[in-house]
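# A look at the structure
The residues making up each chain are set out below.
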Amino acid sequence: MPFPWLAERVAEIRSTIDAGVARGGRGQKVEIVAVTKTFGAEAVQAAWEAGLRDVGENRVQEAVDKMDHVTAPVSWHLIGHLQRNKVRHLDRFALFHALDSLRLAEAIDERAQGTGRQFRVLVQVNTSGEESKGGFALGELRAAIQRLRGLPGLEVAGAMTMAPYEADEATLRRTFGGCREALRLLQDGGLPATELSMGMSGDYAVAVEEGATLVRLGTILFGARVP
Ligand SMILES: *Cc1c(COP(=O)(O)O)cnc(C)c1O
């Protein structure tokens, strides 16, 4: 069986999450999104057998190719950037974590009008200030909320952020706290937002303390990715 350590690893992660929730004092429920990018369909199957129900991929083409080889009824999450000419692929995802522009939001809304379904999305925010990271700055998000409210094809369910790789704890807390601020902006703007997607293998314990409801874990579950 591939990934024989997985069930035990998931149990360890869940207890780290429980401890983080207790320390943070926010009482939120936290779901693990198993990030299977670069691994094959067997990683998805193994995740399912270890009790995980949500799987994340950062590239849409890799994801849809993999879906065809997976029988387990997992919920698929798209956690990476999506080009506007590929919004049709969102039909197969339960949640899109990386809404990073109004133009993309409008393209998704148009797809929704055409298919009669609403798409569940998270707004990606750049709260670390890193130039290389995509997403709305908080000021941009504030300015975009009215427009987002006017797009009935989107259910804006929350916010997502990525912290700098190997950041110190103060930077992590500032970045994740900024994402919480983004969620508050969405809520104050009248959007039905409750989710905070933040935390990866190296920083999920801090993210959970800061209120994460979805942690996106790859390496800690499946091992190092071979590019
Ligand atoms: C790859 C990826 C992850 C998982 O990263 P790990 O450090 O392997 O846990 C999380 N979020 C996004 C957006 C990713 O692309």
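Structural data are supplied above this passage.
### Comments concerning the pattern of salt bridges
A full pass over the atoms with the stated rule returns 16 salt bridges. The partner of Glu57 in a salt bridge is Lys66, with the nearest N and O atoms 2.7 Å apart. We classify Glu57 as buried; its relative accessible area is 0%. By sharing partners, the salt bridges in this structure join Arg23, Glu169, Arg173, Arg180, Glu209 and Glu210 into a single network.

### Quick look at unusual backbone geometry
Despite not being glycine, Thr38 has its phi angle at roughly 75 degrees, a positive value. A positive phi is found at Glu166, a non-glycine position, where the angle reads about 55 degrees. The residue Glu166 is located in the loop between strand S6 (154-160) and helix H6 (169-188) in this model. Residue Glu166 is classed as exposed on the basis of its relative accessible area of 68%.

### Some details on the site of the ligand
Close to the ligand lie Val35, Lys37, Asn58, Ile79, Met162, Met200, Ser201, Arg216, Leu217, Gly218, Thr219 and Arg225. Taking Ser201, its side chain carries an N or O atom lying 2.5 Å from an oxygen atom of the ligand. The separation between an oxygen atom of the ligand and a polar side-chain atom of Thr219 is 2.5 Å. Computed on the free molecule, the ligand has an accessible area of 380 Å², of which 91% lies beneath the protein chains in the complex. Looking at the shell around the ligand, its residues break down into five nonpolar, four polar and three charged.

### Quick notes on the side chain of His97
Relative to the helices and strands, His97 resides in strand S4 (residues 95-99). When its relative accessible area of 0% is taken as the criterion, His97 is described as buried. For His97, the side chain forms a polar contact with the side chain of His77, separated by 2.8 Å. Within the local environment of His97, its side chain forms a polar contact with the side chain of Ser197, the two groups lying 2.9 Å apart. If sequence neighbours within four positions are ignored, His97 has contacts with Val33, His77, Leu78, Ile79, Leu122, Gln124, Met160, Ser197, Leu214 and Arg216.

Basis of the calculations
- Residues numbered from 1 in each chain as written.
- Predicted model: local features only at pLDDT ≥ 70, side-chain atom pairs only at ≥ 80, totals over all residues.
- Heavy atoms only, no water.
- Salt bridge = Lys/Arg side-chain N within 4 Å of Asp/Glu carboxyl O.
- Buried < 20%, exposed > 50% of the residue type's maximum accessible area, 1.4 Å probe, protein only.
- Helix = DSSP H or I, 4+ residues; strand = E, 2+ residues; numbered from the N terminus.
- Near = heavy atom within 4 Å.
- Polar contact = N/O pair within 3.5 Å; in protein donor to acceptor, adjacent residues only side chain to side chain.
- Areas by Shrake-Rupley, 256 points an atom, 1.4 Å probe, with all protein chains shown as cover.
- Nonpolar A, V, L, I, M, F, W, Y, C, P; charged D, E, K, R; others polar.
- Contact = heavy atoms within 4.5 Å.

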